[in-house]
Amino acid sequence: MWLSLGIIFSLGILIPGKFSLKLQYDRDQVLHIVPETIQQVHHLQLLCSTFMLDLWKPLLPEDIRAGEDLHIRVPAPLVQEVKESLAQHMISHRVLIPDVQKLVDQSMPREKSSHREVSGGYVYTEYHPMEEIYQWMTQIQKNNSELVTQHILGKTFENRTMYYLQISQPSNKTKKIIWMDCGIHAREWISPAFCQWFVKEILQNYKTDPKISRFLQNLDFYVLPVLNIDGYIYSWEKDRLWRKSRSPYENGTCYGTDLNRNFNSSWGSVGVSFNCSSDVFCGSGPESEPETRAVAQFIRNKKSDILCYLTIHSYGQLILTPYGSTTTPPSNNEELMQVAKEAAAALTGKYGTSYKVGSTALILYSNSGSSRDWAHTIGIPLSYTFELRDTGTHGFVLPTDQIQPTCEETMLAVTTIIDYVDKKYFTNGDVVLTSSSLGLSLCLSIVLTWSAF
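Here's a quick rundown of the structure. (Residues numbered from 1 in each chain as written. Predicted model: local features only at pLDDT ≥ 70, side-chain atom pairs only at ≥ 80, totals over all residues. Heavy atoms only, no water.)

**Side note on the environment of E287**
- Checked against the element boundaries, E287 lands in the loop between β12 (254-255) and α10 (290-302).
- On the basis of relative accessible area, E287 is assigned to the buried category, the value being 12%.
- Considering only alpha carbons, one finds E287 and N264, 23 residues apart in sequence, at a separation of 6.6 Å.
- Those residues in contact with E287 that sit more than four places away from it in its chain are N262, N264, T292, R293, A296, R300 and W374. (Helix = DSSP H or I, 4+ residues; strand = E, 2+ residues; numbered from the N terminus. Buried < 20%, exposed > 50% of the residue type's maximum accessible area, 1.4 Å probe, protein only. Contact = heavy atoms within 4.5 Å.)

**Comments concerning the state of the cysteines**
- Taken as a whole and judged by the stated rule, the model has two disulfides.
- The side chain of C182 participates in a disulfide bridge whose partner is C195; the two sulfur atoms lie 2.2 Å from each other. Taking the sign of the S-S torsion, about 85 degrees here, the bridge from C182 to C195 comes out right-handed. Here C182 is found in strand β9 (residues 176-182), whereas its partner C195 is found in helix α7 (residues 190-205), with 13 residues between them in sequence. Neither residue differs from the other here; C182 and C195 are each classed as buried.
- Cysteine pairing in the chain follows 1-2, 3-4, where each cysteine in a disulfide is numbered by its order in the sequence. (Disulfide = S-S within 2.5 Å.)

**Some details on the packing of helix α6 (residues 130-143) against α7**
- For the pair α6 and α7, the least separation of the axes is 12 Å and the interaxial angle reads 15 degrees. Compared by their axis directions, α6 and α7 come out roughly parallel. Seen along the crossing, α6 lies across α7 with a hand that is left-handed. Here α6 contributes I133, W136 and I140 to the contact with α7, which in turn contributes Q196, V199 and L203.
- Partitioned by chemical class, the residues of the contact of α6 with α7 number five nonpolar, one polar and no charged. (Axes fitted to C-alpha atoms, helices over the stretch in contact; angles between N-to-C directions. Parallel < 35°, antiparallel > 145°, perpendicular 65-115°, else oblique. Left-handed = near helix turned anticlockwise from the far one by under 90°. Nonpolar A, V, L, I, M, F, W, Y, C, P; charged D, E, K, R; others polar.)

**Quick notes on the nonpolar core**
- Ranked by size, the top nonpolar core spans 88 residues in total, and within it W179, F198, F221, V295, I299, Y384 and F386 carry the most contacts.
- What V295 contacts, discounting residues up to four positions off in sequence, is L153, M162, W179, L224, L227, F263 and Y309.
- In this structure, L44, C48, L55 and V79 belong to the second largest nonpolar core, which totals 18 residues. (Core = buried A, V, L, I, M, F, W, Y, C linked by side-chain atoms within 4.5 Å.)

**Overview of α10**
- The first and last C-alpha atoms of α10 sit 18 Å apart over 13 residues, in line with the 18 Å expected at 1.5 Å per residue.
- Buried within α10 we find P290, E291, T292, A294, V295, A296, F298 and I299. (Expected span 1.5 Å × (residues − 1).)

**Some points on the pairing of strand β7 (residues 148-155)**
- Of the pairings in the sheet, the one linking β7 to strand β8 (residues 161-167) comprises seven bridges and is antiparallel in character. Its bridge partner being in β8, G154 is matched across the sheet by M162.
- Adjacent in sequence and paired antiparallel, β7 and β8 are bridged by five residues, among which N159 carries a positive phi angle near 70 degrees. (Pairing = 2+ DSSP bridges.)

**Comments concerning the sheet that holds strand β4 (residues 54-57)**
- If you trace the four strands from one edge of the open sheet to the other, you get β4-β5-β3-β6, paired in antiparallel fashion. At either margin of the open sheet sits one strand with a lone partner, and together these are β4 and β6 (94-97). Recorded for the sheet is a direction-independent mean angle of 35 degrees between the axes of neighbouring strands.

**Topic: the side chain of D258**
- Of note, D258 is situated in the loop between β12 and α10.
- Of the residues examined, D258 reaches a relative accessible area of 0% and is grouped as buried.
- With residues near it in sequence (within four places) discarded, D258 still touches H185, R243, K244, D279, V280 and F281.

**Notes on the packing of α6 against helix α9 (residues 229-237)**
- In the contact formed by α6 and α9, the axes pass within 9 Å of each other and the chain directions differ by 130 degrees. The orientation of α6 with respect to α9, classified from their angle, is oblique. Facing α6, whose interface residues are M130, I133 and Y134, α9 presents I229, Y232 and I233.
- Across the contact of α6 with α9, the residue classes break down as six nonpolar, no polar and no charged.

**Notes on the pattern of salt bridges**
- Applying the stated criterion across every chain yields a total of 19 salt bridges.
- Between E409 and R389 there is a salt bridge; the shortest N-O distance is 2.8 Å. Pair noted here: E409 is in helix α14 (residues 403-425) and R389 is in the loop between β16 (382-388) and α14, with a separation of 20 residues, a long-range link.
- Given the relative accessible area of 0%, E409 is considered buried. (Salt bridge = Lys/Arg side-chain N within 4 Å of Asp/Glu carboxyl O.)

This is how it looks when you write it as structure tokens:
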């Protein structure tokens, strides 16, 4: 009974639409639970596995821990039964989201883009489907041709073009690179919204803001607004809560790989699933997915010039440092932590939003194959994951009225990191290689050379 109901309802309800079936989450609830005992943990693990419940935090039943937050989406037909089961085992809960679909509907734009243009042009305080983001990229380049170029990074599984924007002030100086990608997980819509906001802010302010002007004298910004394009489109057209890519596995019986478990950094070792139906399916091998491969090949080719790798996610209000697969800190951990703490403090200064800082394995959960860890292991010294708002009140479905404050505060954190990079590596416009960065590069070279054997 439990198992059959779980299979039927865990994915939501299918409602016929004009062109296709679209998943609906009417009266689905997201519950917040903090298990107190190991017995409660075991029951919750059984409950989640039996009902095939949608874990939002953590992502795997085995990562449920006593004393730590658990966020689970419960399909409407199972809500009463799940709550009764919790009560029987003396497990208290509170409802974070009483109706997931209502939240989804509120975050959708009311009109098509042609009706949503304002006098200033593009609306940065709404979420945009991929078609509009493509158009935005083209327009941004046209309007800022002296600074912005649009380049092809690769192709997705469904043969869509992956573009990145290069923001670069013409110069004869040696320039280094800040990399930023957004939208590796489809449902995290605030992430691509921030990448677009970041580009807007740089272009609007570089002539009048001395700090941004200084950045562009020494640094180029490479911005990939949506990494997981196929998944992002699927989250708009079919399933708002879709996370993965869209490549088929097992003869099309399941779809998608978690692209942030698909990089070649301790791949497949921890915090992943080899079941292709799982949200954290790590693929058939490291870089098995075309999207991962496109990013990795590009970063490898540019790694000697990339000083900082930023990848933007949601949710949790965290700045995460390497590593996810081990609690052993990286050699420049003190630097990574200090810069992240300064960034978090700058962010908090805007609206009081509190962020935690630390390695993924220590303050979130263990995982492997992440882009952040991989970037650090190949020699990029400063590599961070941002988990943007919030801490669970809305989760992956952050309302549009939070786009602007989220982006404003995140901009302060990101520019704090960039400012550190600029001041560390450049003095009077010249690249400075510090002993610590040389030491890190040397250590990584030795490790990578040794591991090759």
